[in-house]
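Secondary and tertiary structure notes
This is what each chain is made of:
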Amino acid sequence: MHVVLSKPRNLHADDSQAFAEHREAFSQIVSVLMAANLEFSVYEHRPGRNLPRASNDTLRYMYHAEVPGPGDYCLKRGPLPFLWYFDPRGYSGWSAIAQDTELQSKSLSFDPVAAKAILSEFQDKLRSTTFSLIPQPLAKLEPEVAALEDYVFYPLQVNNDAVLKLSDCPQYELIQKAGAHAERLGRHLVFKRHPLCKSDTVLSAISAVINSDYVHVSTGPTTELIEGASAVMLTNSSVGLQALVLNVPVFTFGASEYAHLTTRLSSPEDTVRVFEDCPAPPQSTFAGGIAYLLSEYFVDIR
């Protein structure tokens, strides 16, 4: 067996903290291959680059592959620190568990006692200040947000995020409709822009609804914003899995590896349901499925 491993460009040239987990992951993979006495080749990930094809005696792990070829596996950082995709179909809504209903059903039969322990462990991690893909602010929530007794939390994604291709509707339309419903229904809505978002489209959409007394923008810690919310709405951000771990109902508008554990909506008009529906806490029904993702589907690379 020969293994072809595709890695990020400049993996070791870039010594920034942002690539620290990637370096650890690829170091661990190489160590495992060497311990198993498997022949392997390592190539830098470059779009369009021709690598040795997968075959009966060749296995390919392709970095950041949306739709891997036959015999290939997508290799990519997952939605929580140290949890990685090793998936034959891709990541997020392209992944096997996002498309395979039998696998989804299997996940729900995960042992409930083990699920409770796993979820408790990850809740503790999320409530720490360091367990996040992106460093979280140390500052407290804004006073006006901290004072809210009930609100819907909408964490926004980078507008050119590849997984937004899996959305059922444009993010800016969801922002505008959600803001309009919040004003009409007298229900609070809290946006948080992605720290890396520079989109004028997103800024314009928020600006169009921010003058309402019921619409707020926060830069506070994501975990606190989740735990203070009655529900979380999003397309397919990694924050959705965090909310499920913290037992907060999630409404999704796009495909993802966890969307089957949420209330799926498909149009901007459906945003009204985020304010009007009252779904049960997700772990009352989906605890096994959430724990399966954390412990069986994703691979802990440490």
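That block above? That's the structure.
Residues numbered from 1 in each chain as written. Predicted model: local features only at pLDDT ≥ 70, side-chain atom pairs only at ≥ 80, totals over all residues. Heavy atoms only, no water.

1. Concerning the nonpolar core
Of all hydrophobic cores here, the largest spans 50 residues; its most connected members are F153 and L294. Sorting the residues of this core by element identifies β5 (83-87), α4 (112-126), β6 (151-155), α8 (222-227), β9 (231-234), α9 (239-245) and α11 (283-297) as the ones contributing at least two each. Beyond its immediate chain neighbours, meaning those up to four positions away, F153 contacts V190, K192, T222, L225, I226, A229, A231, V232, M233 and V239. Judged by nonpolar contacts, the second largest core, of 23 residues, contains C169, L189, C197 and V274. (Core = buried A, V, L, I, M, F, W, Y, C linked by side-chain atoms within 4.5 Å. Buried < 20%, exposed > 50% of the residue type's maximum accessible area, 1.4 Å probe, protein only. Helix = DSSP H or I, 4+ residues; strand = E, 2+ residues; numbered from the N terminus. Contact = heavy atoms within 4.5 Å.)

2. Points about the environment of L225
Position of L225 among the secondary structure elements: in helix α8. Along the primary structure L225 and T201 are separated by 24 residues, whereas in three dimensions their C-alpha atoms are 24 Å apart. Once residues within four sequence positions are removed from consideration, L225 is found in contact with L141, V145, Y151, F153, V190, K192, S218 and G220.

3. Comments concerning the environment of H194
Within the fold, H194 resides in the loop between β7 (188-192) and α7 (200-207). For H194, the residues in contact, after removing those within four places along its chain, are I134, L156, Q157 and V158.

4. A closer look at the sheet that holds strand β10 (residues 250-252)
One open sheet holds the six strands; their spatial order is β8-β7-β6-β9-β10-β11, and the pairing between them is parallel. Because the sheet does not close on itself, it has two edges, and the strands there are β8 (215-217) and β11 (263-264). Examined bridge by bridge, β6 and β9 share two bridges and lie parallel to one another. Bridge assignment links V152 to a residue of β9, and that residue is A231. In the packing of helix α6 (residues 171-185) onto the sheet, the strands contacted are β6, β7, β8 and β9, and the crossing angle to β7 comes to about 150°. (Pairing = 2+ DSSP bridges. Axes fitted to C-alpha atoms, helices over the stretch in contact; angles between N-to-C directions.)

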